[in-house]
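Chain residues, written in single-letter form:
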Amino acid sequence: MEHEHVRAVDPAVADALEGELERQRNTLSMIASENHVSRAVLDAQSSVMTNKYAEGYPGARYYGGCEYADEVEQLAIDRAEELFGAEHVNVQPHSGTQANQAVYFATLEPGDKILSLDLSHGGHLSHGHPANFVGQFYEVEQYEVDEETGYLDYEGLADLAEEFEPDIIVSGYSAYPREVEWERIQTVADDVDALHLADIAHITGLVAAGVHPSPVGIADFVTGSTHKTIRAGRGGIVMCDEEYADDVDAAVFPGGQGGPLMHNVAGKAVGFKEALEPEFEAYAEQTVANAKVLGETLADHGLSLVSGGTDNHLVLVDLRPSHPDTSGGDAEVALEEAGIVLNGNTVPGETRSPFDPSGIRAGTPALTVRGFDEEAIRTVGTCIARVIDAPDDDDVIADVRETVDDLCSAFPLYD
Ligand code: DSN
């Protein structure tokens, strides 16, 4: 990864690209929504497909010269259909948010009602936050997790649905560490005659590998992003039954987007092929096993986990019981100094602010790609706890940074 062509034209950008590669190599990437894609996906994403306009869909484009674009997009579609068992897949959304936008555009009129999980309880901006277009174009009501247990409050959701009479219920979350019971949410949707969108952005890879139950075939629409646990490069997808296929396709293009990012579609095709291999299931299983060990290690050091643990790739730590004077933002900054990159995160019953929240969120997808096993993750968990115990202690930070350096050497990236 020399970037010699960039360097010849633009040394400033070449320096930044190389700096980012070294940053990823020399730190522990634990932002739960991030991952390291394969060299094959990187190669596809930096290909000449970036030059091609291919508005439309395979076999029905608005431009000539699309034979290879057709081939690549059809491969991405076929592989996604096989991976997820979906009747119809659209692989063109530029991101998970744009996948959600397509579903709203396909199914709702402005002013229609969306029932979704509150952002501070683990939801997502594109599920109805007032700062997002969704919160401005639609009427939004939000359900919550049970603040005592940290688990989704399915009964509260059912009561709220009966009262609010939503047109669509959104499930699927960005900071929820537990298995989602899709059938229970579908039952609520059926009872109030609402559609159901399951946004599996975070767990797309876990669902593909069969280590988290799938909402495909249960919810009316399933959206995902392709760069998180599934490692297929940046982008989004929408899955649905055949009856919604034309509406979803029209909502993606021309409804919400112009030309597809064909280099990213090529990355998705390659990443989905990799996800169909048996090794991917082993990777997804190890990701979850590592997250469980991470949670146990943090708990052993006195930290409080929302819901007490995890069933997926992430843990959410509420710092208030153990470290009331340390915010998630403080912890994020100190950990980054020590070479551990994660994010401060709101927690259920948040008492600070989204800019300086009470928790941290940590995920294992990227470390697992590097080969981290349970033993290495235990070391990482101990490092995190040490820094949180002494975020202002330069000696502790330096000592942890040494351990992080050793781990980065033992588990090299893009070698
Ligand atoms: N921003 C992503 C996350 O970190 O969860 C979701 O889009």
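That block above? That's the structure.
Conventions we followed
Residues numbered from 1 in each chain as written. Predicted model: local features only at pLDDT ≥ 70, side-chain atom pairs only at ≥ 80, totals over all residues. Heavy atoms only, no water. Helix = DSSP H or I, 4+ residues; strand = E, 2+ residues; numbered from the N terminus. Rg over C-alpha atoms; globule rule 2.2 N^0.38 Å. Buried < 20%, exposed > 50% of the residue type's maximum accessible area, 1.4 Å probe, protein only. Contact = heavy atoms within 4.5 Å. Lys, Arg positive; Asp, Glu negative; His and termini not counted. Charge placed at Lys NZ, Arg CZ, Asp CG, Glu CD. Pairing = 2+ DSSP bridges. Axes fitted to C-alpha atoms, helices over the stretch in contact; angles between N-to-C directions. Expected span 1.5 Å × (residues − 1). Phe/Tyr/Trp six-rings, centres within 6.5 Å; stacked < 30°, edge-to-face > 60°. Lys NZ or Arg CZ within 6 Å of the ring centre and 35° of its normal.

Student: Would you mind going over the overall build of the protein in detail, with residue names and values included?
Tutor: Counting its regular elements, the protein contains 16 helices and 15 strands. Over its C-alpha atoms the protein spans a radius of gyration of 21 Å, differing by no more than 12% from the 22 Å that the globule rule assigns to 415 residues. Principal axes of the C-alpha set define a box for the protein whose edges measure 60 × 60 × 40 Å. For the protein, with 415 residues in total, the buried portion stands at 55%. Sequence separation of at least 24 residues holds for 72% of the intrachain contacts in the protein that already meet a minimum separation of 6. Taken as two groups, the 23 positive and 77 negative side-chain charges of the protein have centres that lie 7 Å from each other.

Student: Now, about the sheet that holds strand 11 (residues 304-305): what can you tell me, with residues and values included?
Tutor: The strand order across the open sheet built from four strands is 11-12-15-14, with neighbouring strands paired in antiparallel fashion. Only two strands of the sheet have a single partner each, and these edge strands are strand 11 and strand 14 (343-345). As judged from the two bridges shared by strand 11 and strand 12 (residues 314-318), these two strands associate in the antiparallel manner. Counterpart to L305 in the pairing with strand 12 is V317. Contacting strand 11, strand 12 and strand 15 (359-363), helix 12 (residues 278-300) runs over the sheet at an angle of about 20 degrees to strand 12. Against the sheet, helix 13 (residues 328-337) engages strand 14 and strand 15, with an angle of about 45 degrees to strand 15.

Student: How would you summarise the environment of V37 if you had to cite specific residues and measurements?
Tutor: Considering the arrangement of structural elements, one finds V37 in the loop between strand 1 (28-29) and helix 3 (39-45). According to the relative accessible area criterion, V37 is buried, its value standing at 12%. Along the backbone, V37 and G267 are 230 residues apart, and their C-alpha atoms lie at a distance of 9.3 Å. Among residues more than four places away in sequence, those in contact with V37 are L42, R231, G233 and Y414.

Student: Tell me about the pairing of strand 12, and please be specific about residues and values.
Tutor: Most of strand 12 is tucked away: five of the five residues are buried. Here strand 12 shows no split at all, with L314, L316 and D318 on one side and V315 and V317 on the other all buried.

Student: Describe helix 4 (residues 67-84), naming the residues involved and giving the relevant values.
Tutor: The terminal C-alpha atoms of helix 4 lie 26 Å apart, and with 18 residues this matches the ideal 26 Å at 1.5 Å per residue to within 8%. Three or more residues of helix 4 are buried, namely A69, D70, V72, E73, A76, I77, R79, A80, L83 and F84. Buried residues along helix 4 sit in contact with strand 2 (56-57), strand 3 (60-61), strand 4 (88-90), helix 9 (204-209), strand 10 (236-240) and helix 11 (262-275). The first or second residue beyond helix 4 is G85, which carries a positive phi of 65 degrees.

Student: Go over the packing of aromatic side chains with me, naming the residues and quoting the values.
Tutor: Tallied over the entire structure, the rule returns nine aromatic pairs. Ring geometry for F133 against F137: centres 6.1 Å apart, planes inclined by 80 degrees, an arrangement best described as edge-to-face. Here F133 and its partner F137 are both found in helix 6 (residues 133-137), four residues apart, which amounts to about one turn of the helix. Relative accessible area serves as the criterion here: at 24%, F133 is assigned to the partly exposed category. Relative to Y176, the ring of Y173 lies with its centre 5.6 Å away and its plane at 70 degrees, an arrangement referred to as edge-to-face. For Y173, a relative accessible area of 10% puts it in the buried group. Classification of Y176 as buried rests on a relative accessible area of 5%. Put simply, the rings of Y143, Y173 and Y176 touch in pairs and so form one group of aromatic residues. Its end group placed over the ring of F164, K113 keeps NZ or CZ at 5.0 Å from the ring centre.

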